[in-house]
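# Breakdown of the fold
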Amino acid sequence: MVVYLCISFVPLIFFFNTIMISIRDYFQTDREKKLLNAVNIIAPTITKANYFSHLGDESKRQMMDSDIADFSAQGSYRILVLDNYGMVLNDSNNAEVGRTKIIPEVINALERENAIKTHTAEQTVYAAAPIENEASEIVGAVLVVSSIEDIFVSVSEIEQKLIMYTAITTIVMGVLGFAVPQVLIDPLSSIVSVVQKMSDGHLDQRIKISGRDEYAKLGHAFNDMAEKLEKVDNTRQEFVSNVSHELKTPLSSIKVLSESILLQNDAPLLMYREFLRDINSEVDRMTRVVTDLLQLVKLDQGELGLNIQTTNINRMVSDILKRLGPLAERKEIKLIFEDVREVVIEADEMKITSTISNLLDNAVKYTPNGGTVKTTVDADHQNAFITVSDTGIGIKEEDQGKIFDRFYRVDKTRDRETGGTGLGLAITYSTVRLHHGSIRVISKENEGSLFIVRLPIHYSRNA
Ligand code: ADP
């Protein structure tokens, strides 16, 4: 506000002053010029009329005095005729006849110098010119005195008007100076207060938006960002609570199992063995969760963790199927491999192997005895396509979007019993995304599922 007022008022005051001075100067110079003209006409007239030689002749003198009075009346100024001693011989005001009036203008005129001067304090202009005799000698001077009070009155009228306009401008500027910052700063302060609250940890804060100006756009952008931040924060909290839960369940089992053995004084060896086997499998379970979590953390670090090499997909799938063979055989599940062509891509072989492995493990796991699991490998000139289909339990439509989330299991108790951590598909999803590929699922409950993985043949880091 102070800056605004300084910027507006300082030039205004300068402007105001300059205008007033210029106006007064203009009128004064104009009056001076007029007076100088007049004195330069009156002086030669008196010179011509031989005023000084006829001073003794009363009738001639009266005629000349009346001429001077006429001049004075015409020009509305006072005329004084002085001799070269400065004595007033004629005064159109009759005030100073017989007195000596030695003022600088008269002295200047008697010395043939320029004799014009404005006396601001007296509000008068003095102009004088010499009077000569027939021999061109200076015998006296004419002094013309004009009041410039009228100029002062006019200028003060203008000044009053200007003061009025300035006052109006001041009020308008004051109102604007007060209102504009309110309009500009108010929305900003509300944004700042929300940002401060958010940085104090209150992520549920939102900016109230009105209008459609730049502030509203900023508000919308900020609210979107806040929403994402809150989501990330919720996901993080959910993740931590999921991890704790996943680890707590096996820990509780271990605690119960070990305590029951400890409390029994002479428990049979068979019981020891059985409980220790259970404890061992719970430890395995925890190890699986921790291994999967570490793998996810590594994937979260981004592309830098990838070890890209030439990878033969057909060979990879064959190897996985070979490993899965015994389990499938036990469940009498038919494993079919349909490789349309040889597909070689640039990828992190280990990570892609665990991705496809996970899809095939799931397919076998979630397919009842006697079912079929089919894998296909194909490619076009840009991408490799790997599909894994089964004739298993399928996934309900509403769950299909969530199975790639961390710790998401369709059937919490049963899926846990199958030994899954709920992290497998999350790892698969992150790995495929890191390779700039995609994964999607088509599934129908009780009929089976089809997972389609697309991976670019050539890996480029900035894709
Ligand atoms: P899990 O280790 O429990 O298998 P995943 O992340 O691999 O975890 O899978 C998440 C969930 O998706 C599973 O718990 C299961 O409910 C469902 N799912 C995954 N694959 C299949 C499939 N082929 N058929 C049916 N359900 C599946």
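Here the structure is a predicted model, which means the values were calculated and not measured. (Residues numbered from 1 in each chain as written. Predicted model: local features only at pLDDT ≥ 70, side-chain atom pairs only at ≥ 80, totals over all residues. Heavy atoms only, no water.)

## Some remarks on the sheet that holds strand 7 (residues 334-339)
Across the sheet, five strands lie side by side as 7-9-10-12-11; this open sheet has mixed pairing. Lying at the two open borders of the sheet, with one neighbouring strand each, are strand 7 and strand 11 (438-444). Within this sheet the neighbouring strands show an average axis-to-axis angle of 10°, counted without direction. Two elements, strand 11 and strand 12 (residues 448-456), share seven bridges in a ladder whose sense is antiparallel. Bridging from a neighbouring strand, Ser-443 pairs with Ser-449 of strand 12. Sheet contacts for helix 7 (residues 313-330): strand 7, strand 9 (372-379) and strand 10 (383-390); angle to strand 7, the most-contacted strand, approximately 175°. Strand contacts of helix 8 (residues 349-365): strand 7, strand 9, strand 10, strand 11 and strand 12, with the helix running at about 20° to strand 10, the strand carrying the most contacts. (Pairing = 2+ DSSP bridges. Helix = DSSP H or I, 4+ residues; strand = E, 2+ residues; numbered from the N terminus. Axes fitted to C-alpha atoms, helices over the stretch in contact; angles between N-to-C directions. Contact = heavy atoms within 4.5 Å.)

## Considerations on a nonpolar patch on the surface
The grouping of Met-164, Tyr-165, Ile-168, Val-172, Leu-176, Val-180, Leu-184 and Ile-185 at the surface amounts to a nonpolar patch, some 720 Å² of accessible area in total. With respect to the helices and strands, the residue Leu-176 is situated in helix 4 (residues 149-199). (Patch = residues over 30% accessible without salt bridge, like charges linked within 9 Å, V, L, I, M, F, W, Y side chains within 5 Å. Areas by Shrake-Rupley, 256 points an atom, 1.4 Å probe, with all protein chains shown as cover. Salt bridge = Lys/Arg side-chain N within 4 Å of Asp/Glu carboxyl O.)

## Focus on helix 11 (residues 424-434)
The element helix 11 is largely enclosed, with a buried count of nine among its 11 residues. Burial in helix 11 covers these residues: Gly-424, Leu-425, Ala-426, Ile-427, Thr-428, Ser-430, Thr-431, Val-432 and Leu-434. In this structure, the buried residues of helix 11 make contact with helix 6 (269-300), helix 8, strand 11 and strand 12. Once helix 11 ends, the next one or two residues include His-436, with phi positive near 65°. (Buried < 20%, exposed > 50% of the residue type's maximum accessible area, 1.4 Å probe, protein only.)

## A few points about the pattern of salt bridges
Per the counting criterion, the structure on display carries 19 salt bridges. Between Arg-206 and Glu-230 there is a salt bridge, with its nearest N and O atoms 2.6 Å apart. Taken together, the positions of Arg-206 in the loop between helix 4 and helix 5 (214-263) and Glu-230 in helix 5 put the pair 24 residues apart, joining distant regions of the chain. Arg-206 gets classed as partly exposed once you look at its relative accessible area, which sits at 24%. Residue Arg-315 is joined to Glu-349 by a salt bridge in which the shortest nitrogen-to-oxygen separation is 3.4 Å. Linking Arg-315 in helix 7 with Glu-349 in helix 8, this pair joins segments that are 34 residues apart in sequence. Through salt bridges with shared partners, a single network forms among Arg-78, Asp-91, Glu-96 and Lys-101.

## Here we look at the domain arrangement of the protein chain
Where the parts come together, the accessible area they lose is often given as the size of the interface. The domains assigned to the protein chain are domain 1 (2-154), domain 2 (214-301) and domain 3 (308-456). Each of domain 1 and domain 3 was reduced to a C-alpha centroid, and the two centroids are 115 Å apart. (Domains from an automatic or database assignment.)

## Details of the packing of helix 4 against helix 5
In helix packing, the relevant descriptors are the interaxial angle and the interaxial distance, both defined with respect to the helix axes. At a closest axis distance of 11 Å, the pairing of helix 4 and helix 5 adopts a crossing angle of 10°. The angle between helix 4 and helix 5 places the two elements in the roughly parallel class. Of helix 5, the residues touching helix 4 (which contributes Leu-184, Pro-187, Leu-188, Ile-191, Val-194, Val-195 and Met-198) are Tyr-215, Leu-218, Phe-222, Ala-226 and Leu-229. In terms of residue class, the contact of helix 4 with helix 5 is built from 12 nonpolar, no polar and no charged. (Parallel < 35°, antiparallel > 145°, perpendicular 65-115°, else oblique. Nonpolar A, V, L, I, M, F, W, Y, C, P; charged D, E, K, R; others polar.)

## Re the nonpolar core
Ranked by size, the top nonpolar core spans 34 residues in total, and within it Ile-313, Ile-345, Ile-356, Leu-360 and Phe-451 carry the most contacts. The set of elements that each furnish at least two residues to this core consists of helix 7, strand 8 (344-348), helix 8, strand 9, strand 10, helix 11, strand 11 and strand 12. Ranked by the residues each element gives to this core, the list is headed by helix 7, at seven residues. Among the nonpolar cores identified, the runner-up in size contains 27 residues, and Tyr-51, Ile-68, Val-81 and Ala-129 belong to it. (Core = buried A, V, L, I, M, F, W, Y, C linked by side-chain atoms within 4.5 Å.)

## Re the layout of surface pockets
Considered as a void within the structure, the largest pocket measures approximately 1000 Å³ in volume. For the largest pocket, the lining is made up of 46 residues, of which Asn-358, Asn-362, Lys-365, Tyr-366 and Gly-420 are closest to its centre. Sorting the residues of the lining of the largest pocket by element identifies helix 6, helix 7, helix 8, helix 10 (412-417), helix 11 and strand 12 as the ones contributing at least two each. Partitioned by chemical class, the residues of the lining of the largest pocket number 15 nonpolar, 17 polar and 14 charged. (1 Å grid on protein atoms, 1.4 Å probe; cavity = no way out; pocket = protein on both sides within 12 Å on 5 of 7 lines; lining within 4 Å. Points joined across faces, edges and corners; volume = space filled by probe spheres on them.)

## Notes on the environment of Ile-19
Considering the arrangement of structural elements, one finds Ile-19 in helix 1 (residues 2-48). Note on Ile-19: relative accessible area 25%, which makes it partly exposed. Distance in space between the C-alpha atoms of Ile-19 and Leu-270 is 114 Å, their sequence separation being 251 residues.

## Focus: the sheet that holds strand 3 (residues 116-119)
Backbone hydrogen bonds are what pair the strands of a sheet, in a parallel or an antiparallel way. As summarised here, the arrangement of the five strands in space is 2-1-5-4-3, forming an open sheet in which the pairing is antiparallel. Strand pairing shows two members of the sheet lacking a second neighbour, strand 2 (88-91) and strand 3, which therefore form its edges. Each adjacent strand pair in this sheet contributes to an overall mean axis angle of 20°, direction not counted. Strand direction decides the pairing type here: strand 4 (residues 124-132) and strand 5 (residues 138-147), joined by nine bridges, are antiparallel. Paired with Ala-127 across the bridge in strand 5 is Val-144.

## Remarks on the packing of aromatic side chains
Under the counting rule described, the total for this entry stands at four aromatic pairs. Judged by centre distance (5.6 Å) and plane angle (65°), the ring pair of Tyr-26 and Phe-27 falls under edge-to-face. The exposure class assigned to Tyr-26 is exposed, which follows from its relative accessible area of 56%. Exposure remark for Phe-27: the relative accessible area of 31% places this residue in the partly exposed category. (Phe/Tyr/Trp six-rings, centres within 6.5 Å; stacked < 30°, edge-to-face > 60°.)

## Digging into the side chain of Glu-282
Within the secondary structure, Glu-282 is located in helix 6. Notably, Glu-282 is buried but unbridged: the nearest opposite-charge side chain belongs to Arg-285, and the N-O separation is 4.4 Å. If we skip the residues at most four places from it in the chain, Glu-282 touches Pro-250, Ser-253 and Ile-254. (Lys, Arg positive; Asp, Glu negative; His and termini not counted.)

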